[in-house]
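Observations on chain architecture
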Amino acid sequence: MFILENELLKVEVTTKGAELQSIFSKIFGIEYLWNGDPAFWAKRSPVLFPIVGNLKNNMYYFQGKSYQLPRHGFARDMEFQLEKQTPKEVTLLLQSSPETKKNYPFDFEFRIRYQLFGDELSTEYQVNNTGAGTLYFSVGGHPAFRVPLTKDTVFSDYHLKFEEAENLARWPISKDGLILNQPVPVLEDSSRLNLTKSLFYQDALVFKYPSSSEISLVSGKTPHGIQFQMGEFPFLGIWSAKDADFVCIEPWCGIADSVNSDQQLEYKEGIEKAIPGKPFSRQWRVKLF
């Protein structure tokens, strides 16, 4: 376990999946990250790589060959190596290996860097292509924040406040975890999404290309919440396990296959491409209050 700490925050990260385990405010005495209760969902902030969501039949094709990958890829279940550590920063590294190349035939370096800046935590994903051809991949975050944050509030006291007035439709998810063809309106010229447990009874809310780059978790009954900056991620997932006391704010470069997917990795919706010598980087930040 690695600990990052300054005068305001204490953050814990594990080598398995380079996953956040705790985001604790020393000023407020509040733990902001979900505790991983296996009765609801045993993870806390898994990293999604080299795919986001489900593949159709858990399979894709590349250069005429078929490969299998589980939901959200393999990085979240692998051991990362420590590359750099200071009191306020840690960088963890996952490299391609004979094991990863069995079902993902690419050479890569995948780094995750966590940094503290005052009352903010920065999470950066860096993907380097160490092979000769084009590297095709998706990457995303899945942090789960506690809701409610204080004992005198309940889940439905909170809402998500988007930076911009949004016109957003959710893309429903099939029983196989695939994106259906017909979006369903959720926000119409509104910046507020009220949180209820039933909102997630049909799986995650999947949004494409929101206008906002900043989303806040707030309540009129407590001054405490979070400000989430999703940077240059084009897709957004909002999710909670059934009746659980958390909400995930998920910035994605990539998305699950659609029900009509041809399963060709090069043409997958939202797929990212990295060429040798040109590193890919995306960052999200969360500020606690």
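Everything discussed here concerns the structure shown above.
Let me sum up the structure you'll find in this document. Everything numeric in this text was worked out from a predicted model, so none of it was measured. (Residues numbered from 1 in each chain as written. Predicted model: local features only at pLDDT ≥ 70, side-chain atom pairs only at ≥ 80, totals over all residues. Heavy atoms only, no water.)

Observations regarding the overall build of the protein chain
- For the protein chain, the helix and strand inventory stands at one helix and 23 strands.
- Taken over the C-alpha trace, the protein chain has a radius of gyration of 19 Å; the compact-globule value for 289 residues is 19 Å, and the two agree within 12%.
- Viewed in the frame of its principal axes, the protein chain has a C-alpha envelope of about 55 × 45 × 35 Å.
- Taking the contacts inside the protein chain whose residues are at least 6 apart along the sequence as the reference set, 65% of them involve residues at least 24 apart.
- When the accessible surface of the protein chain is split by element, carbon and sulfur atoms take 46% of a total near 12,500 Å².
- When the 31 basic and 35 acidic side-chain charges of the protein chain are each reduced to a single mean position, those positions are 3 Å apart. (Helix = DSSP H or I, 4+ residues; strand = E, 2+ residues; numbered from the N terminus. Rg over C-alpha atoms; globule rule 2.2 N^0.38 Å. Contact = heavy atoms within 4.5 Å. Areas by Shrake-Rupley, 256 points an atom, 1.4 Å probe, with all protein chains shown as cover. Lys, Arg positive; Asp, Glu negative; His and termini not counted. Charge placed at Lys NZ, Arg CZ, Asp CG, Glu CD.)

Brief notes about the packing of aromatic side chains
- Taken as a whole and assessed by the stated rule, the structure comprises 25 aromatic pairs.
- The aromatic ring of tryptophan 171 is capped on one face by lysine 208, whose charged end is 3.8 Å from the ring centroid.
- It is lysine 242 that lies over the ring of tyrosine 201; its NZ or CZ is 5.2 Å from the centre. (Phe/Tyr/Trp six-rings, centres within 6.5 Å; stacked < 30°, edge-to-face > 60°. Lys NZ or Arg CZ within 6 Å of the ring centre and 35° of its normal.)

What about the pattern of salt bridges?
- Scanning the entire structure with this criterion turns up 14 salt bridges.
- Measuring nitrogen to oxygen at the nearest pair gives 3.4 Å for the salt bridge that ties lysine 43 to aspartate 77. In this pair, lysine 43 is assigned in the loop between strand 4 (30-31) and strand 5 (47-48) and aspartate 77 in the loop between strand 7 (65-68) and strand 8 (81-86), connecting sequence segments 34 residues apart.
- On the accessibility criterion, aspartate 77 (43% relative accessible area) is partly exposed. (Salt bridge = Lys/Arg side-chain N within 4 Å of Asp/Glu carboxyl O. Buried < 20%, exposed > 50% of the residue type's maximum accessible area, 1.4 Å probe, protein only.)

A look at the state of the cysteines
- Summed over all chains, the structure comprises zero disulfides.
- The thiol of cysteine 248 is unpaired, and the distance to the nearest cysteine sulfur, on cysteine 253, comes to 18 Å. (Disulfide = S-S within 2.5 Å.)

What to know about the layout of surface pockets
- Approximately 210 Å³ is the volume attributed to the largest pocket.
- As for the largest pocket, its lining consists of 19 residues, and the residues nearest its centre are Arg71, His72, His142, Asp203 and Glu250.
- In this structure, the second largest pocket spans a volume of roughly 150 Å³.
- Residue lining of the second largest pocket: 13 residues in total, with Phe62, Pro105, Phe106, Gly133 and Thr134 positioned closest to the centre.
- Of the residues that constitute the lining of the second largest pocket, the class distribution is six nonpolar, five polar and two charged. (1 Å grid on protein atoms, 1.4 Å probe; cavity = no way out; pocket = protein on both sides within 12 Å on 5 of 7 lines; lining within 4 Å. Points joined across faces, edges and corners; volume = space filled by probe spheres on them. Nonpolar A, V, L, I, M, F, W, Y, C, P; charged D, E, K, R; others polar.)

A word on the pairing of strand 17 (residues 205-208)
- Because side chains alternate across strand 17, one face comprises the buried residues Leu205 and Phe207, and the other comprises Val206 and Lys208, equally buried.
- Strand direction decides the pairing type here: strand 17 and strand 20 (residues 235-239), joined by four bridges, are antiparallel. Within strand 20, the position partnered with lysine 208 by the bridge is phenylalanine 235. (Pairing = 2+ DSSP bridges.)

Comments concerning the side chain of arginine 282
- Here arginine 282 shows up in strand 23 (residues 280-288).
- It is glutamate 232 that comes nearest to the buried, bridge-free arginine 282 among opposite-charge side chains, at 4.6 Å.
- Contacts of arginine 282, omitting those with residues within four sequence positions, involve Thr123, Glu124, Tyr125, Glu232, Phe233 and Cys253.

Describing the sheet that holds strand 3 (residues 20-25)
- The strand order across the open sheet formed by four strands is 1-2-3-4, and the pairing between neighbours is antiparallel. The outermost strands of the open sheet, each flanked by one partner alone, are strand 1 (2-5) and strand 4.
- In this sheet, strand 3 lies alongside strand 2 (residues 9-13) in antiparallel orientation, the contact comprising five bridges. Considered in strand 3, the bridge of glutamate 12 is made with serine 22.

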